[in-house]
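Here is what each chain is made of, one letter per residue.
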Amino acid sequence: MKIVLIGLQGSGKSTQGNLLRQKLGVPYLASGDIFRKMAMEESTSGKYVRETLAAGQLVPDDKTISIVEEYLTKPEYEGGYILDGFPRTLVQAQAFKEMIDKVFYIRVSDAEAWKRLKLRLAKQKRADDSPEAIKRRIALFHKMTEPLLDYYRAKQLLIEINGEQTIDKIHQDIIFKIKHG
Ligand code: AMP
């Protein structure tokens, strides 16, 4: 089972991705985690990724595509995976040739995402979580990632999930759709 999760930052993708990993027994891979790990490296590309993340910008498509695709060649992803944060642009989606089974769009409003992210900011400061970066990422989502919804809808892969429910209800909704289409 190959699943892609799409949603605003704060939509609960990683929470749901990890629940799905446990439930389905397939690995969870978040492109943001890959880049956060790269950002800790003391190399030129580490510094570049660090600055890109801190600014709330996207890593260029060609770089992102080759990095994520290389990850997916690892044997642990052979039997399927849950992808969070990739593809995130139309260019990435078109370049991504894997046979995806389902794409879940976990829908939350900008206001709800803001509310959750402000709470997260107050609790645990992540290097790429400044209010300016969050604002930029929400705007980037609308501009660069929303077109993916139509792209995957046209391929009849897109399933919309109401992300403004309890964690458990969202998980149940996703599982229901996996079982019953
Ligand atoms: P995330 O944890 O998914 O919000 O990702 C954190 C940051 O990593 C993003 O703000 C981007 O700078 C970068 N990133 C993650 N996934 C992608 C992607 N598919 N394309 C470009 N940049 C990405």
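Shown above is the structure to which this text applies.
Below you will find a few notes about this structure.

Scoring rules and cut-offs
Residues numbered from 1 in each chain as written. Predicted model: local features only at pLDDT ≥ 70, side-chain atom pairs only at ≥ 80, totals over all residues. Heavy atoms only, no water. Near = heavy atom within 4 Å. Polar contact = N/O pair within 3.5 Å; in protein donor to acceptor, adjacent residues only side chain to side chain. Areas by Shrake-Rupley, 256 points an atom, 1.4 Å probe, with all protein chains shown as cover. Phe/Tyr/Trp six-rings, centres within 6.5 Å; stacked < 30°, edge-to-face > 60°. Helix = DSSP H or I, 4+ residues; strand = E, 2+ residues; numbered from the N terminus. Buried < 20%, exposed > 50% of the residue type's maximum accessible area, 1.4 Å probe, protein only. Lys NZ or Arg CZ within 6 Å of the ring centre and 35° of its normal. Contact = heavy atoms within 4.5 Å. Axes fitted to C-alpha atoms, helices over the stretch in contact; angles between N-to-C directions. Parallel < 35°, antiparallel > 145°, perpendicular 65-115°, else oblique. Left-handed = near helix turned anticlockwise from the far one by under 90°. Nonpolar A, V, L, I, M, F, W, Y, C, P; charged D, E, K, R; others polar. 1 Å grid on protein atoms, 1.4 Å probe; cavity = no way out; pocket = protein on both sides within 12 Å on 5 of 7 lines; lining within 4 Å. Points joined across faces, edges and corners; volume = space filled by probe spheres on them.

1. Concerning the site of the ligand
Alright, step 1. In the neighbourhood of the ligand, 16 residues make up the surrounding shell, with Ser31, Arg36, Gln57, Gly85 and Gln92 lying closest.
Alright, step 2. In the environment of the ligand, a nitrogen atom lies 2.7 Å from a nitrogen or oxygen atom belonging to the side chain of Ser31.
Alright, step 3. Contacts to the ligand include Arg36, whose side-chain N or O atom sits 3.0 Å from an oxygen atom.
Alright, step 4. Calculation on the ligand without its partners gives an accessible area of 480 Å², and the protein chains cover 96% of this total.

2. Some remarks on the packing of aromatic side chains
Describing an aromatic ring pair means giving the distance of the ring centres and the angle of the ring planes.
Alright, step 1. Here the structure, examined in full by the defined rule, presents 4 aromatic pairs.
Alright, step 2. Aromatic pair Phe86 and Phe96: ring centres 5.1 Å apart, planes at 85 degrees, arrangement edge-to-face. Here Phe96 lies in the loop between helix H5 (90-95) and strand S4 (102-107) and Phe86 lies in the loop between strand S3 (81-84) and H5, a separation of 10 residues in the sequence.
Alright, step 3. In this structure Phe96 comes out as buried when scored by relative accessible area, which is 6%.
Alright, step 4. An angle of 75 degrees between the planes, with centres 5.1 Å apart, marks the rings of Tyr151 and Tyr152 as edge-to-face.
Alright, step 5. In this structure, Lys74 packs its charged tip against the face of Tyr71, placed 4.0 Å from the ring centre.

3. A few points about the side chain of Lys2
Alright, step 1. When you line up the elements, Lys2 lands in strand S1 (residues 2-6).
Alright, step 2. Apart from residues no more than four positions distant in its own chain, Lys2 is found in contact with Gly80, Tyr81, Glu98, Met99, Ile100, Asp101 and Lys102.

4. Overview of the packing of helix H1 (residues 13-24) against helix H8 (residues 167-180)
Alright, step 1. Following both chains from N to C, one finds H1 and H8 inclined at 55 degrees, their axes separated by 10 Å at the closest point. Considering their axes alone, H1 and H8 lie oblique with respect to each other. Between H1 and H8 lies a crossing of right-handed hand. Residue-level contacts link Thr15, Gln16, Leu19, Leu20, Lys23 and Leu24 of H1 to Ile167, Ile170, His171, Ile174, Ile175 and Ile178 of H8.
Alright, step 2. Of the residues that constitute the contact of H1 with H8, the class distribution is 8 nonpolar, 3 polar and 1 charged.

5. Here's the deal with the layout of surface pockets
Alright, step 1. Taken as a whole, the second largest pocket holds about 190 Å³ of empty space.
Alright, step 2. The wall of the second largest pocket is formed by Ala93, Gln94, Phe96, Lys97, Glu98, Met99, Ile100, Tyr151, Tyr152, Lys155 and Leu157.
Alright, step 3. Contributing elements (two or more residues each) for the lining of the second largest pocket: H5 and helix H7 (131-154).

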